[in-house]
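# Geometric and topological summary
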Amino acid sequence: MESSLVAKGSDTIWDYTCSACQKLEAQYHCEECCKGFCDSCVKLHNQLYKSHTAFGREQMDKWPINKSTLDMLRQCAEHTDKKIKLFCEDHCRLCCHTCVSLHHR
């Protein structure tokens, strides 16, 4: 399994953190709870919620998009302090308000 762990100096950044212990990387996601769980915490979750299904990393297509990824996708590539709000049909581009006023009239 491919690791999503990124080391930056002394910090460790994961794409998903366990919602229960908030110390380890989430290896499972429960769609009903809308939470991610590490290997240890998913066992407790599964004991408490027998009707819930926790999807592992091999089924990441059933996981929600990561908030930092979503924020990055919403950010204008040219004006990084602005959010994408519009679509220019003439240029087939997603734009922020600044892009529209400068390049897409």
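Quick summary incoming for the structure in this document. Just so it is clear, the model here is predicted, and its values are computed rather than measured. (Residues numbered from 1 in each chain as written. Predicted model: local features only at pLDDT ≥ 70, side-chain atom pairs only at ≥ 80, totals over all residues. Heavy atoms only, no water.)

### Overview of the overall build of the protein
Put simply, the rule is: Numbering of helices and strands runs from the N terminus; a helix is a DSSP stretch of H or I covering at least four residues, while a strand is a stretch of E covering at least two. Type-normalised accessible area, obtained with a 1.4 Å probe on protein chains alone, sets the label of each residue: buried when under 20%, exposed when over 50%, and partly exposed for intermediate values.
In terms of regular secondary structure, the protein is built from three helices and seven strands. The linear arrangement of helices and strands in the protein, starting from the amino end, is β-β-β-β-α-β-α-β-β-α. Out of the 105 residues belonging to the protein, those deemed buried represent 25%.

### Things to note about the environment of Ala26
For clarity, the threshold we go by: Whether two residues are in contact is decided by their heavy atoms: any pair within 4.5 Å suffices.
Along the chain, Ala26 falls in the loop between β2 (11-13) and β3 (28-30). Relative accessible area serves as the criterion here: at 0%, Ala26 is assigned to the buried category. Remark: the alpha-carbon pair of Ala26 and Val42, spanning 16 residues in sequence, is separated by 9.0 Å. When near neighbours in sequence (up to four residues on either side) are disregarded, Ala26 contacts Tyr16, Thr17, Cys18, Gly36, Phe37, Cys38, Arg57 and Trp63.

### A look at unusual backbone geometry
Unusually for a residue other than glycine, Cys34 sits at a positive phi of about 55 degrees. Mapped onto the secondary structure, Cys34 falls in the loop between β3 and β4 (35-37). Cys34 sits in the exposed class, given a relative accessible area of 56%.

### Considerations on the packing of aromatic side chains
Under the convention used in this document: Two aromatic rings from Phe, Tyr or Trp, using only the six-membered ring of Trp, form a pair when their centres are within 6.5 Å; if the ring planes differ by under 30 degrees the pair is stacked, by over 60 it is edge-to-face, and anything between is tilted.
This structure, assessed with the given rule, holds one aromatic pair. The interplanar angle of 75 degrees and the centroid separation of 5.0 Å between the aromatic rings of Tyr16 and Trp63 together place this pair among those described as edge-to-face. In this pair, Tyr16 sits in the loop between β2 and β3 while Trp63 sits in the loop between β5 (54-56) and α2 (67-74), placing the two residues 47 residues apart along the sequence. Its relative accessible area of 8% is what places Trp63 among the buried residues.

### Focus: the environment of Gln75
To keep it simple, the criterion reads: Here a polar contact is taken to be a pair of N or O atoms separated by no more than 3.5 Å, where protein atoms must pair a possible hydrogen donor with a possible acceptor and residues adjacent in sequence count only if both atoms sit in side chains.
Among the structural elements, Gln75 can be located in the loop between α2 and β6 (86-88). In this structure the C-alpha to C-alpha distance between Gln75 and Lys85, which are ten residues apart in sequence, comes to 9.3 Å. Once residues within four sequence positions are removed from consideration, Gln75 is found in contact with Thr80, Lys82 and Ile84. Here Thr80 takes part through its backbone oxygen, which lies 2.6 Å from a polar atom of the side chain of Gln75.

### What about a nonpolar patch on the surface?
Heads up, the rule is: Candidate patch residues must exceed 30% relative accessible area and have no salt bridge, after which like charges are joined if within 9 Å and Val, Leu, Ile, Met, Phe, Trp or Tyr side chains if within 5 Å. Accessible areas in this description were obtained via Shrake-Rupley with a 1.4 Å probe; residue shielding takes into account the shown protein chains only. Here, a salt bridge means any side-chain nitrogen of Lys or Arg that lies within 4 Å of a carboxyl oxygen of Asp or Glu.
There is a patch of nonpolar side chains on the surface, built from Ile65, Met72 and Leu73 and spanning about 310 Å² of accessible area. According to the relative accessible area criterion, Ile65 is partly exposed, its value standing at 48%.

### Digging into the side chain of His45
Along the chain, His45 falls in helix α1 (residues 39-48). Take His45: its relative accessible area is 5%, and that puts it in the buried class. If we ignore the near neighbours within four places in the chain, the residues touching His45 are Cys30, Cys33, Phe37 and His52.

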